Amino acid sequence: MSPEVLSRIFDPFFTTKATGHGLGLSATLGILRGHHAGLRIYSEPGRGSTFKVLFPVADGVADGGPRSSGPGHPRRASRAPGGR
């Protein structure tokens, strides 16, 4: 991303795509703020961008330990139809 684009990526309705709505990163920022999380962005024009989400450490230990979807069936992230 160029420095100009990078400076505006969290503006509501800002988009670089002809069919975009520009709400994704604005909404993401609101969610991260609600969780007192941070975001680091590394970007180089022509090379790509990396977004690192940094959540605060939780107090204590979660109840119940790791969850699974059943014996022998590990959970997998699902993709939206047509997603990569």
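In case you missed it, the structure is sitting above this.
Predicted model, so just to flag it, every value in this text is computed and none were measured.

A. Examining the environment of Arg40 more closely. Tracing the backbone shows Arg40 in strand 1 (residues 38-44). Along the chain, Arg40 and Thr50 lie ten residues apart, while their C-alpha atoms are 8.1 Å from each other.

B. Structural view of the pairing of strand 1. Where strand 1 and strand 2 (residues 48-54) come together, seven bridges link them in antiparallel fashion. Within strand 2, the position partnered with Ser43 by the bridge is Ser49. Turn length for the strand 1-strand 2 hairpin, with the two strands adjacent in sequence and antiparallel, is three residues, and the turn residue Gly46 shows positive phi of about 80 degrees.

C. Seen up close, unusual backbone geometry. Positive phi values are uncommon outside glycine, yet Phe13 reaches one of about 70 degrees. Checked against the element boundaries, Phe13 lands in the loop between helix 1 (3-6) and helix 2 (24-34). Unlike most non-glycine residues, His36 shows phi in positive territory, near 55 degrees. Locating His36 in the fold gives a position in the loop between helix 2 and strand 1.

D. Main features of the environment of Thr15. Inspection of the secondary structure assignment puts Thr15 in the loop between helix 1 and helix 2. Since its relative accessible area comes to 31%, Thr15 is described here as partly exposed. Through-space distance from the C-alpha of Thr15 to that of Val5 is 9.0 Å; in sequence the pair is ten residues apart. For Thr15, the residues in contact, after removing those within four places along its chain, are Gly20 and Gly22.

Reading guide: rules and limits
- Residues numbered from 1 in each chain as written.
- Predicted model: local features only at pLDDT ≥ 70, side-chain atom pairs only at ≥ 80, totals over all residues.
- Heavy atoms only, no water.
- Helix = DSSP H or I, 4+ residues; strand = E, 2+ residues; numbered from the N terminus.
- Pairing = 2+ DSSP bridges.
- Buried < 20%, exposed > 50% of the residue type's maximum accessible area, 1.4 Å probe, protein only.
- Contact = heavy atoms within 4.5 Å.

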